[in-house]
Amino acid sequence: MSLVCLTDFQAHAREQLSKSTRDFIEGGADDSITRDDNIAAFKRIRLRPRYLRDVSEVDTRTTIQGEEISAPICIAPTGFHCLVWPDGEMSTARAPEGLRWFQLYVHPDLQLNKQLIQRVESLGFKALVITLDTPVCGNRRHDIRNQLRRNLTLTDLQSPKKGNAIPYFQMTPISTSLCWNDLSWFQSITRLPIILKGILTKEDAELAVKHNVQGIIVSNHGGRQLDEIDALTEVVAAVKGKIEVYLDGGVRTGNDVLKALALGAKCIFLGRPILWGLACKGEHGVKEVLNILTNEFHTSMALTGCRSVAEINRNLVQFSRL
């Protein structure tokens, strides 16, 4: 079967995976309202195309944190890729070209955090992404029913003093006490730009600016932590262009990418679609998913009269009354 869009990959991946793995990937928190609304929100936005413009050359390149990327489409941090493909994250990492950012779940052991950050800094990673929205695990009903948590381990978060891996959410490897004032410690141990993942409100966006971080990823963890959140425009307005804002969640088409950028996101991050590509064809499937979305975005730019990413702005979209 020819896979020509991201939802094709989703359907094909479902056929390849066990029920518990499907549930782990697709599941949301509680009633999954936010998971579903992440996608529905894009459908409530209409494009306002401009015509009689020369779109014989369309340039999808942009920059994030001062580094050029070929398109504003990046891979979000997701876990346990080995559930869908034998060598898991290794295949995912081989698929994209470009920058590497390191996503950190802050561990209660500060020394372990420091060792991880210094290691990735020495390996050439370009930014540190601190995930904020998981002081505790959200109420993921499918995972509880499937007893999935008992069988997963975070093998990369090994204590420097012990060789055993940490069971997933059983030994509380994620700090529950992380606060705004702790950010200064991270800033003291690394030269990497710090990006905060999980900011969803005006108030927290303003605090992020106050604490001198370099970027925000607007994310509700794919609807896996809390329900009923819609925040991109609020956060963009709050930071007033002082730091970059990115979006993670719900993107399925090139039109969605364009809409996110028109609302102020600097780029988008893909989560579940990457896992679908990996489940279908491994490394090549991830490449196909990225290529499909980039080509769709190129088409969307041309059809709305945008010759460069710089020409994408708020006037290109309007919210539907439906």
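Going by the structure above, here's the rest.
Read on for a plain summary of the structure. (Residues numbered from 1 in each chain as written. Predicted model: local features only at pLDDT ≥ 70, side-chain atom pairs only at ≥ 80, totals over all residues. Heavy atoms only, no water.)

**Structural notes on the overall build of the protein**
A tally of helices and strands in the protein yields 12 helices and 13 strands. Sorting the 322 residues of the protein into buried and exposed places 48% on the buried side. Residue pairs at least 24 apart in sequence account for 72% of intrachain contacts in the protein once pairs closer than 6 positions are excluded. On the protein, roughly 16,100 Å² of surface is accessible, and the fraction owed to carbon and sulfur atoms is 49%. (Helix = DSSP H or I, 4+ residues; strand = E, 2+ residues; numbered from the N terminus. Buried < 20%, exposed > 50% of the residue type's maximum accessible area, 1.4 Å probe, protein only. Contact = heavy atoms within 4.5 Å. Areas by Shrake-Rupley, 256 points an atom, 1.4 Å probe, with all protein chains shown as cover.)

**Considerations on the pairing of strand β9 (residues 194–199)**
Taken across its six residues, β9 has six buried, putting it largely inside the fold. Note: strand β6 (residues 127–131) against β9, four bridges, orientation parallel. Paired with valine 129 across the strands is isoleucine 195, a residue of β9. Sheet topology places β9 next to strand β10 (residues 215–219); four bridges connect them, and they run parallel. Residue pairing for β10: leucine 196 is matched across the bridge by isoleucine 216. (Pairing = 2+ DSSP bridges.)

**Thoughts on the nonpolar core**
Counting residues in hydrophobic clusters, the biggest one holds 73 residues, and the most contacted among them are Ile268 and Leu270. When residues of this core are assigned to their parent elements, the largest contribution, seven residues, is made by helix α12 (residues 283–303). When neighbours within four sequence positions are excluded, leucine 270 is seen to be in contact with Leu6, Ile73, Cys74, Ile75, Ala76, Val251, Val289, Leu290 and Leu293. With 12 residues, the next largest nonpolar core counts Ile69, Ala76, Tyr246 and Cys267 among its residues. (Core = buried A, V, L, I, M, F, W, Y, C linked by side-chain atoms within 4.5 Å.)

**A look at the sheet that holds strand β12 (residues 268–270)**
Here we have seven strands laid out as an open sheet, ordered β4-β12-β11-β10-β9-β6-β5, and parallel in their pairing. Looking at which strands have only one partner, the edges of the open sheet turn out to be β4 (73–75) and β5 (101–104). Adjacent strand axes in the sheet meet at a mean angle of 30°, parallel and antiparallel pairs treated alike. On top of the sheet, helix α9 (residues 232–239) reaches β9, β10 and β11 (244–248); it is set at about 170° to β11, its chief contact. (Axes fitted to C-alpha atoms, helices over the stretch in contact; angles between N-to-C directions.)

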